[in-house]
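Structural features, examined
Spelled out from the first residue to the last, the chains are:
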Amino acid sequence: MDRTFPEHPHFQQKATQDALRNILRAYACHKPEVGYCQSFNFLAAAALLHLNNNEEEAFWLFETLLTDYLPQDLYDNTLFGLYCECDVLMQLTKERKPKIYAHLHKLDVNYAIFATPWFMCVFLTCVPIETAFRIWDSVIVEGYKVIFRACISMLGMFEDKLLQATDPGV
């Protein structure tokens, strides 16, 4: 729990960490076929923040996000869904950002290296939380396609740096 938004004052409080732990345990009992997956802590924590630490409402927001808005196999134990999303992102990059695609392809970059937190944490760990919440709002209103729009936008924002990279780890 202490690695979840460690700089945020709200998550430095024991009561908030306990509430987060309760949500994650309750979800693991509610959906034993899924249990717990890395990144659930950030999604549940964001729900807690958004709902002013109301544990029950945060649980249901978390559950609804996972059930109704994100791909069902994104968080399975094989991460098959994650790899599918990365393949779709690679194809979209090829279509919409061909220079970036060609360069990343030349470097043999696996999209999962940089896109995992985009998909698994719905951007919570890589943009300011206010921006992540705007993405969440758009996903709820327009659907999951917004995630791919945000991914392509992120690649576009860093196009110059990406095209200068000479190593797949950069």
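Everything in this summary refers to the structure shown in the same document. Because the structure is a prediction, the values reported are computed rather than measured. (Residues numbered from 1 in each chain as written. Predicted model: local features only at pLDDT ≥ 70, side-chain atom pairs only at ≥ 80, totals over all residues. Heavy atoms only, no water.)

**Thoughts on the nonpolar core**
Basically, it comes down to this: Nonpolar cores were defined as sets of buried Ala, Val, Leu, Ile, Met, Phe, Trp, Tyr and Cys residues, with membership established by side-chain atoms within 4.5 Å. Using a 1.4 Å probe on the protein chains alone, a residue whose accessible area is under 20% of its type maximum counts as buried, one over 50% counts as exposed, and one in between counts as partly exposed. Under the DSSP-based scheme used, a helix requires at least four consecutive residues in state H or I and a strand at least two consecutive residues in state E, with every element numbered from the N terminus. By definition in these notes, contact holds between two residues if any of their heavy atoms fall within 4.5 Å.
One finds L43, L89, F119 and L124 to be the most contacted residues of the largest nonpolar core, which totals 62 residues. Elements that contribute at least two residues to this core include exactly helix 1 (14-30), helix 2 (40-50), helix 3 (55-69), helix 4 (80-96), helix 5 (98-106), helix 6 (112-120), helix 7 (129-142) and helix 8 (145-157). Looking at which element gives the most residues to this core, the answer is helix 2, with nine residues. Apart from residues no more than four positions distant in its own chain, F119 is found in contact with L74, Y75, L82, E85, C86, L89, Y144, I147, F148 and C151.

**Quick word on the pattern of salt bridges**
Note the cut-off: Salt bridge, as used here: a side-chain nitrogen of Lys or Arg that lies within 4 Å of a carboxyl oxygen of Asp or Glu.
What the rule picks out here adds up to four salt bridges. In this structure, the salt-bridge partner of E142 is R149, at a minimum N-O distance of 2.6 Å. The structure contains a network of salt bridges with shared partners spanning K14, D18 and R21.

**Here's the deal with the environment of P71**
Relative to the assigned elements, P71 resides in the loop between helix 3 and helix 4. Judged by relative accessible area, which is 18%, P71 ranks as buried. Residues P71 and Y144, 73 residues apart in the sequence, show an inter-C-alpha distance of 8.3 Å. The residues contacting P71, other than those within four sequence positions of it, are E85 and Y144.

**Observations regarding the packing of helix 6 against helix 8**
Put simply, the rule is: Comment: axis = line fitted to C-alpha atoms, over the contacting stretch for helices; angle = value between 0 and 180 degrees taken between N-to-C directions. Oblique is the label for any angle not under 35 degrees, not over 145, and not in the 65 to 115 range, which are roughly parallel, roughly antiparallel and roughly perpendicular in turn. Working rule for handedness: look at the near helix, and if it is turned counterclockwise from the far one by less than a right angle, call the crossing left-handed; if clockwise, right-handed. Basically, the charged four are Asp, Glu, Lys and Arg, the nonpolar ten are Ala, Val, Leu, Ile, Met, Phe, Trp, Tyr, Cys and Pro, and anything else, Gly included, counts as polar.
Put simply, helix 6 and helix 8 touch, their axes get as near as 11 Å, and they point 140° apart. Classified by the angle between their axes, helix 6 and helix 8 sit oblique to one another. Pair helix 6 / helix 8 crosses with right-handed handedness. Contacts between helix 6 and helix 8 involve F114, W118 and F119 from the former and I147, F148, C151, M154 and L155 from the latter. The residue inventory of the contact of helix 6 with helix 8, partitioned by class, reads eight nonpolar, no polar and no charged.

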